[in-house]
Amino acid sequence: RSSMPTLRTSGSSPGPGTHHGGSAEKPFDHGPPGVLYLSFRKKTGASSNKILRYKSKLNGYPYYTNGSDTHIFFTVLCSFGIQEPLWVIGRRPPTTKEDGKEPEGLRAKCKSDHKIVPYSGWEYVEGKFGEVDVFLTDSKPSDFSDSGSESSGKVQQLLAALGKDAKAADAGINMRDILRNLDAVEELLPELLTSFPRIDQDGNGVISTQELEAFFEPHLK
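Since the structure is predicted, the reported quantities are computational estimates derived from the model, not experimental observations. (Residues numbered from 1 in each chain as written. Predicted model: local features only at pLDDT ≥ 70, side-chain atom pairs only at ≥ 80, totals over all residues. Heavy atoms only, no water.)

Just to check I follow, could you spell out the packing of aromatic side chains for this structure?
Centre distance and the angle of the planes are the two values used to describe a pair of aromatic rings. In this structure the tally under the stated criterion is six aromatic pairs. With centroids separated by 3.8 Å and ring planes inclined at 15 degrees, the aromatic side chains of Tyr61 and Phe74 adopt a geometry described as stacked. Taken together, the positions of Tyr61 in strand E3 (residues 61-65) and Phe74 in strand E4 (residues 71-79) put the pair 13 residues apart, joining distant regions of the chain. Each member of the pair, Tyr61 together with Phe74, is buried. Judged by centre distance (5.8 Å) and plane angle (75 degrees), the rings of Tyr61 and Trp87 are edge-to-face. Highlighted residues: Tyr61 in strand E3 and Trp87 in strand E5 (residues 82-90), separated in sequence by 26 residues. Per residue, the accessibility class of Tyr61 equals that of Trp87, and both read buried. Taken together, the ring pairs connect Tyr61, Phe74 and Trp87 into an aromatic cluster. (Phe/Tyr/Trp six-rings, centres within 6.5 Å; stacked < 30°, edge-to-face > 60°. Helix = DSSP H or I, 4+ residues; strand = E, 2+ residues; numbered from the N terminus. Buried < 20%, exposed > 50% of the residue type's maximum accessible area, 1.4 Å probe, protein only.)

This is the structure we're talking about:
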């Protein structure tokens with residue numbers, strides 16, 4: 001598939017270089033671009049796309065988010081006294097404490113300490129979708145559509161309706177939660193009533209937030 005030719009770079013430069021141009025979506029003349037376009041693509045061609053907007057500087061590095069389940073930021077991991085600078089793509093926003101630990105919900109990483117988000121060199125590490133390529137650019141590809149945003153928003157709405165904190169480790173949903181909140185489930189994610197065993201990938205009777213997101217992002221299923 002060659003519909004996104006601008007996404008792959010030679011890998012010789014750790015950053016976006018000088019090809020930002022003068023797009024109306026980029027309010028920065030000499031700083032980070034205002035919008036990034038992220039695509040996770042399987043070898044089969046299925047993809048999940050995200051639009052991320054510049055939010056702020058975080059320890060001197062730009063931080064991007066789609067406002068819900070995708071965040072790009074810089075961090076430094078520390079293992080056995082060795083520091084490893086990384087750009088990361090995660091499901092959870094960055095924390096304020098610098099503990100040197102791997103961020104929660106890590107999806108992809110790139111070894112770089114460049115001051116601007118790197119477009120090449122990304123490694124997908126989440127694993128549950130098999131082999132996935134990571135594409136990142138500041139120019140919107142012609143075939144790009146923001147997939148998964150609607151269902152992802154419904155996942156967050158349902159968790160809120162059930163009184164669950166999406167960031168908590170115990171934010172899972174069981175059959176008791178569903179039966180107690182049938183109206184909310186039927187309105188937001190009625191598939192829970194018919195596909196519980198399929199969504200519950202590990203078969204433990206509790207659907208985690210990760211399992212919900214995996215099921216309701218069909219492009220990466």
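What exactly am I supposed to notice about the pairing of strand E8 (residues 132-137) here?
Here is the key point about a regular strand: its side chains alternate between the two faces of the sheet. Within E8, five of the six residues are buried, which leaves the element mostly enclosed by the surrounding structure. Taken together, the six bridges between strand E1 (residues 35-42) and E8 define a ladder with antiparallel strand orientation. Paired with Phe40 across the strands is Val134, a residue of E8. (Pairing = 2+ DSSP bridges.)

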